[in-house]
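# Coordinates in review
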Amino acid sequence: MHELSIAENMLEIIENYRAERGFKHCSSLTVRIGLLSAVDEEALRFAFEILAEGGPHEGVVLEVEKTYPQARCSCGCSFEVTDLLYTCPRCGSVTAELSGGDDLNIVQLEVD
Amino acid sequence: MTTIKVKDKLLSKNDQHGLANREVFDRHRIWCINLISAPGSGKTTLIECTVDHFAHQFNIGVLVGDLDTEYDSRRIAAHGVPVHQIITGGACHLNARTIGEFISHFDLDKLEVLIIENVGNLVCPTSYYLGEHHRISLISTPEGDDKPVKYPGAMHTSDAVLFTKTDLVPYVDFDLKTASENALKIESSLAVMALSAKTGEGLEAWFDWFESHAKKHNTQDESRVNK
């Protein structure tokens, strides 16, 4: 449900940049969402579409870049975690130290 | 067509309010914790036995978030601590701005620990930093030992996870070792505890954790005044 307030925040950020840079139209918005960020892409797309409807940013294409945590196992092996039910490919350990993969950012706007 | 590269963090407005709250807590040497869990995992019961246990040791205040009713705040108020209920009117999480408004209702010079009981929801509250020093997730045994990996955001942003209602383990499919491994898969630095507020099993470990963090925080600055 909090995807709604995230989508609201995305529209606010577009508006802030429009006021600052003076562009007429934003055609696309790229956001980065990490596996650990607890944000559902489909819910975010739906919320963004609904909120933008009838406003100056209706039709803005939402590009989503997904990021994944990097795991470092105690055996020294490093690997990317795309599934949280991971095991270390080298020693089979079921736990490791994760870093990254918690992004929740706007990366870029395409404007004209 | 022009590309504007940006580095804006989403929900940064909430984070700013969270940092402002943190500044208030630190100025008054208040240790603040944020309890998050699904509905019915035992947050209110844990708070009740925690405030009883530390009744003569710390001045504890409680902020309780719920969609509706003041049931939980009445339960906690019966234990003699200052408590304020935040009725979110349907919102599924507490946000830092609301916390900022409510903390002024406490006598901040007297308060030593603030416990925030978030709205029962293990998804949305994870994205909203409230200014807390530590975040604690509760997962009750009937919810299953696979819950930590189903809700990675909660594990990733927490400092401790409490597996509650251990008295129900004989009746449900829950393996503590699997649950702990699943939590540590996401966040290897998590403090993992298992307890039953009903039987008292495991509560000592929680009380020790609570006491050591509260004391550490309250004594960090000896020059603190009005305490």
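Being a predicted model, the structure only gives us computed values, none of them experimental.

Let's shift gears to the packing of aromatic side chains. For the coordinates displayed, the defined rule picks out ten aromatic pairs over all chains. Summarising the aromatic geometry, the rings of Phe-54 of chain B and Phe-58 of chain B are spaced 5.4 Å apart at their centres and angled 45° between planes, so their arrangement reads as tilted. On the accessibility criterion, Phe-54 of chain B (0% relative accessible area) is buried. Under the relative-accessibility criterion, Phe-58 of chain B is labelled buried at 8%. By the ring-pair criterion, three or more aromatic residues cluster together here, those being Trp-31, Phe-54, Phe-58, Trp-206, Phe-207, Trp-209 and Phe-210 of chain B. When the ring centre of Tyr-86 of chain A is taken as reference, the NZ or CZ atom of Lys-185 of chain B above it lies at 4.5 Å.

With 99% of its residues at a pLDDT of 70 or more, chain A shows a mean pLDDT of 94. Averaged over each element, pLDDT in chain A is lowest for helix H1 (residues 3–21) of chain A (93) and highest for strand S4 (residues 78–80) of chain A (98).

To continue, consider the sheet that holds S4 of chain A. Residues and elements named next belong to chain A. As summarised here, the arrangement of the three strands in space is S4-S3-S5, forming an open sheet in which the pairing is antiparallel. Each of the sheet's edge strands pairs with one partner strand only, and the pair in question is S4 and strand S5 (97–99). For this sheet, the mean angle separating the axes of adjacent strands, direction not counted, is 25°. Across three bridges, strand S3 (residues 70–72) lies against S4 in antiparallel orientation. Residue Gln-70 lies in a different strand from S4, and its bridge partner there is Glu-80.

Further remarks concern the sheet that holds strand S6 (residues 134–140) of chain B. Residue and element names in this part refer to chain B. Read across the sheet, seven strands follow the order S4-S3-S5-S2-S6-S7-S8 without closing on themselves; strand pairing throughout is parallel. Looking along the sheet, the strands with just one partner apiece sit at the ends: strand S4 (83–87) and strand S8 (191–194). The sheet shows a mean angle of 20° between the axes of neighbouring strands, taken without regard to direction. Where strand S2 (residues 31–37) meets S6, five bridges bridge the pair, whose relative direction is parallel. Of the residues in S6, the one forming a bridge with Ile-33 is His-134. Lying over the sheet, helix H7 (residues 176–186) contacts strand S7 (160–164) and S8, oriented at roughly 155° with respect to S7.

Let us look at the interface of chain A and chain B. Contacts between the two partners involve 35 residues from chain A and, on the opposite side, 30 residues from chain B. Of the roughly 2900 Å² buried between chain A and chain B on both sides combined, carbon and sulfur atoms contribute 59%. Per-residue buried area on chain A facing chain B is highest for His-2, Leu-36 and Leu-84 of chain A; these three make up 17% of the total on that side. On inspection of chain A and its partner chain B, the count reaches one salt bridge. There are 15 residue pairs in polar contact (both at pLDDT 80 or more) connecting chain A and chain B. Mapped onto the side of chain A that touches chain B, the elements with two or more residues apiece are H1, strand S1 (26–34), S5 and strand S6 (104–111) of chain A. Split into classes, the residues belonging to the side of chain A that touches chain B amount to 21 nonpolar, eight polar and six charged. Relative to strand S1 (residues 2–5) of chain B, S6 of chain A is paired through four bridges, and the arrangement is antiparallel. Considered in S1 of chain B, the bridge of Val-111 of chain A is made with Thr-2 of chain B.

Rules used throughout
- Residues numbered from 1 in each chain as written.
- Chains lettered and ligands numbered in written order.
- Predicted model: local features only at pLDDT ≥ 70, side-chain atom pairs only at ≥ 80, totals over all residues.
- Heavy atoms only, no water.
- Phe/Tyr/Trp six-rings, centres within 6.5 Å; stacked < 30°, edge-to-face > 60°.
- Buried < 20%, exposed > 50% of the residue type's maximum accessible area, 1.4 Å probe, protein only.
- Lys NZ or Arg CZ within 6 Å of the ring centre and 35° of its normal.
- pLDDT = per-residue confidence, 0-100.
- Helix = DSSP H or I, 4+ residues; strand = E, 2+ residues; numbered from the N terminus.
- Pairing = 2+ DSSP bridges.
- Axes fitted to C-alpha atoms, helices over the stretch in contact; angles between N-to-C directions.
- Contact = heavy atoms within 4.5 Å.
- Buried area = accessible area lost by both parts, 1.4 Å probe.
- Salt bridge = Lys/Arg side-chain N within 4 Å of Asp/Glu carboxyl O.
- Polar contact = N/O pair within 3.5 Å; in protein donor to acceptor, adjacent residues only side chain to side chain.
- Nonpolar A, V, L, I, M, F, W, Y, C, P; charged D, E, K, R; others polar.

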